[in-house]
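# Observations on the model geometry
The lines below spell out each chain.
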Amino acid sequence: MIPTSAQQLAEATGGRLVGVATDPAAPDGPVVAGVSLDSRTVGPGELFVAVKGERHDGYDHAPAAHARGAVLVLADRPVPQAPTLVVADPVRALGRIAASVLARLRAAGALQVVAITGSVGKTGTKDLLGQLLGERAPTVAPYGSYNNDIGLPTTVLRCDERTRYLVLEMGTRAPGDIRRLTAIAPPDIGVELGVGSAHVGEFGTREAIARAKAELVEALSPQGVAVLNAADPLVAAMATRTPARVVTFGRDVPADVRATDVELGPMARPAFRLHVGDAGSAAVRLALHGEPAVEHALAAAAVLCALGEHDPEPIAAALSRATARSASRMAVATTPGGVVVIDDAYNASPESVAAALRSLVAIAGAGGPARTFAVLGEMRELGAQSAAAHHRIGELAAELGISRVLAVGDGAGGIVAGAGPSGCDAVADPHAALEVLRAELRAGDVVLVKASRAVGLERVAAALLADERVTA
């Protein structure tokens, strides 16, 4: 974060400074050099943002944050014995601070903002793009899936005068969410990956989800670029909803950036031929797992094309060098006892679970036939479509010949009904699933762990990888 005085923060937020000591050497109050929402890790010179969560109120931890070196607290009421910037809503104020700082950085330099949205694949694409752009110039990208009213502004505030590219994820749970995020960080390039079933429980239809996702490309200026997935009709139609120039990407469709000859190598690592407009093609061999990584790579390549890079050779080389960066997203590792674990437990939708099941089969088959285990939890936020969606996942697991399916929790019961009784069982919770796996797994087996984040199945993957009882 660039140094920002307390007075500048007050002006950006419309807030009121309380308990800020006057100093002739610093008439605008203490200078903030960073932002933190965690009183345990806040550092000297930082702004502590007191956010009220479901279980904790950051206000209660503000004194501890001040004792650790926070020079200012952002809160909805004064904090005794701590300099406070009092605002009506700390989260909204955090967004205004980020918008103000970003505007100052843009005025002083050549920083460009690339924003990504889509029902699935935002984080994988962000991780690839952060690496590709980072090879060109200083780049800031989110940790994990920081894509909301808190994560996005905290990512923005990691930028400084050297930053040339800022890569952001933008998520949505309601109409207007992305529009609000683009007001904080107006994008130069907007990437639309696809419209799936995630959050259909809130929106009702995929068409309604598409309208919400389109808020990203609607926010672009005529000088901006909309990067659209030509293989998704709902995304392709967004070309009529943006004033920006359009660059398309896609597999098996006419597009500015496309892939042909896709193959899955050992451990389901994709290889393909990358085509960039009329400039030719180049071979790519990704270090990532599963076919969805091809789409992420094409989106990242299309951004480079939007920035003026049209030679496929350096793009293909950069994609081939890139590695996985975020936990619990198609992370493949082997236990001490020789069991391959696919940890894709960060989140789940019907589309992403189907893709993960196919990756499971591909990984198991690459080294010869191996037993396959799918530990599947509930896919949440599907509304009235939930029962049918879980049933279809069970049917797909049976069609693919998955050796053993464990459906975790009551919400995943439809998977058992879809898969049928042979090789599919319902278990109560992650602990019960782990006990079944410990009893049945042997060397050479391949296990997929996949569910919506709230189910907590990442604990199963972590336990397997650390557990020598999963033996040969």
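Description of the structure in this document. Counting of residues starts from 1 at the beginning of each chain's written sequence and follows it residue by residue. For a predicted model such as this one, the threshold for reporting local features is a pLDDT of at least 70, and the threshold for listing and counting side-chain atom pairs is 80 or more; totals across whole chains, interfaces and linings nevertheless cover every residue. Hydrogens and waters are ignored; side-chain quantities use all the structure's heavy atoms.

### Here we look at the pairing of strand β13 (residues 245-251)
Regular strands place side chains that alternate from one sheet face to the opposite one. A pair of strands is labelled paired if DSSP reports no fewer than 2 bridges between them. Counting from the N terminus, the helices are the DSSP runs of H or I reaching at least four residues and the strands are the DSSP runs of E reaching at least two. Summarising the sheet, strand β12 (residues 225-229) and β13 pair through five bridges and their orientation is parallel. Residue pairing in the sheet places Val 225 in a bridge with Arg 245 of β13. Both β13 and strand β14 (residues 257-264) contribute to a ladder of three bridges, which runs parallel. Along β14, the bridge assignment pairs Gly 250 with Arg 258.

### Brief notes about helix α17 (residues 458-466)
Exposure categories follow from relative accessible area, calculated using a 1.4 Å probe and restricted to protein chains: below 20% of the type maximum is buried, above 50% is exposed, and the middle band is partly exposed. What α17 keeps buried is the set Val 460, Ala 461, Ala 463 and Leu 464. Looking straight down α17, one finds its buried side chains confined to an arc of 165°; they lie on one side. Among the exposed residues of α17, those pointing more than 90 degrees away from its buried face are Arg 459 and Ala 466. What the arc covers is the set of directions going from the helix axis to the C-beta atoms.

### Some words on the side chain of Lys 126
Along the chain, Lys 126 falls in helix α4 (residues 122-134). Between N or O atoms, a polar contact is any pair within 3.5 Å; within protein, one atom must be a potential hydrogen donor and the other a potential acceptor, and residues adjacent in sequence are included only when both atoms are from side chains. A distance of 2.9 Å separates a polar atom in the side chain of Lys 126 from the backbone oxygen of Gly 144. Residue contacts are defined here by distance: any two heavy atoms, one from each residue, within 4.5 Å place the two residues in contact. Residues within four places of Lys 126 in sequence aside, it is in contact with Ile 116, Ala 141, Pro 142, Tyr 143, Gly 144, Val 167, Glu 169 and Ser 326.

### Notes on the pattern of salt bridges
Note on pairing: side chains with opposite charge can pair once their charged atoms come close. The salt bridge criterion pairs a side-chain nitrogen of Lys or Arg with a carboxyl oxygen of Asp or Glu, the two atoms within 4 Å. Taken as a whole and judged by the stated rule, the model has 22 salt bridges. Put simply, Glu 291 and Arg 251 hold a salt bridge, and the shortest N to O gap is 2.4 Å. Taken together, the residues Glu 291 in the loop between β16 (281-285) and α11 (292-306) and Arg 251 in strand β13 connect sequence positions 40 residues apart. For the salt bridge of Arg 371 with Asp 445, the shortest nitrogen-to-oxygen distance reads 2.7 Å. Residue Arg 371 is located in the loop between α13 (350-366) and β19 (372-377), and its partner Asp 445 is located in the loop between α16 (430-440) and β22 (446-450); the two are separated by 74 residues in the primary sequence.

### Examining the pairing of β16
Residues Ala 282 and Val 284 line the buried face of β16, whereas the alternating positions Ser 281, Ala 283 and Arg 285 sit on a face that is not buried. Alignment of strand β15 (residues 270-276) against β16, held across five bridges, turns out to be antiparallel. Looking at β16, one finds that Ala 271 is bridged to Arg 285. Linking β15 to β16, which pair antiparallel, is a turn of four residues; within it Gly 277 sits at a positive phi near 50°.

### Structural notes on the packing of aromatic side chains
For Phe, Tyr and Trp, where Trp contributes only its six-membered ring, two rings pair if their centres lie within 6.5 Å, and the inter-plane angle classes them as stacked under 30 degrees, edge-to-face over 60, or tilted in between. As enumerated under the stated definition, the model contains one aromatic pair in all. With a centroid separation of 6.2 Å and 90° between ring planes, the pair formed by Tyr 143 and Tyr 146 is classed as edge-to-face. Sitting over a ring, as applied to charges here, requires NZ of Lys or CZ of Arg to be within 6 Å of the ring centre and within 35 degrees of the ring normal. Positioned above the aromatic ring of Tyr 59 is the side chain of Arg 77, whose terminal nitrogen or guanidinium carbon lies 3.7 Å from the ring centre. The ring of Tyr 346 has Arg 329 lying over it, and the distance from NZ or CZ to the ring centre is 3.7 Å.

### Some remarks on the sheet that holds strand β21 (residues 424-427)
If you walk across this open sheet you meet the six strands as β17-β18-β22-β19-β20-β21, and the pairing is mixed. Single-partner strands in this sheet number two, and they are β17 (331-334) and β21. The mean inter-strand angle of the sheet, taken between neighbouring strand axes irrespective of direction, is 15°. Relative to β22, β19 runs parallel, the two being bridged by five bridges. In the sheet register, Phe 373 faces β22, and the bridge partner there is Val 447. With axes taken as lines fitted to C-alpha atoms, and helix axes fitted only over the stretch in contact, angles between N-to-C directions fall between 0 and 180 degrees. The strands touched by α17 are β17, β18 (340-343) and β22; relative to β18, the strand with the most contacts, the crossing angle is about 155°.

### Here's the deal with the nonpolar core
Residues Met 238, Leu 357, Leu 376, Ile 393 and Val 405 are the most contacted members of the largest nonpolar core, which totals 44 residues. A per-element tally of this core places α13 first, with seven residues. Not counting chain neighbours up to four residues away, the residues in contact with Met 238 comprise Glu 192, Val 195, Ala 210, Lys 213, Ala 214, Val 217 and Leu 228. We define a nonpolar core as any set of buried Ala, Val, Leu, Ile, Met, Phe, Trp, Tyr and Cys residues linked to one another through side-chain atoms lying within 4.5 Å. Formed by 43 residues, the second largest nonpolar core is a distinct cluster that contains Val 191, Phe 249, Ala 300 and Cys 305.

### As for helix α6 (residues 177-184)
Considered for burial, the residues of α6 that qualify are Asp 177, Ile 178, Leu 181, Thr 182 and Ile 184. Seen end-on, α6 carries its buried residues on one side only, within an arc spanning 150°. Buried positions along α6 lie against α3 (90-108), β8 (112-117), α5 (151-156), α8 (206-213) and α9 (215-218).

### Observations concerning the sheet that holds strand β10 (residues 165-169)
Strand order across the open sheet formed by nine strands is β9-β10-β8-β11-β12-β13-β14-β15-β16, with mixed pairing between neighbours. Every interior strand has two partners, whereas the edge strands, β9 (139-140) and β16, have only one. Pairing of β9 with β10, which is carried by two bridges, proceeds in the parallel orientation. Bridging across to β10, Val 140 finds its partner in Leu 166.

### Some remarks on unusual backbone geometry
Across residues other than glycine, the phi torsion is negative in most instances, and most of the peptide bonds are trans. Positive phi is not limited to glycine here, since Asp 261 has a value of about 55°. Take Asp 261: it is sitting in strand β14. With a relative accessible area of 57%, Asp 261 lands in the exposed category. For Glu 381, which is not a glycine, the phi torsion comes out positive at approximately 65°. Checked against the element boundaries, Glu 381 lands in the loop between β19 and α14 (386-399).

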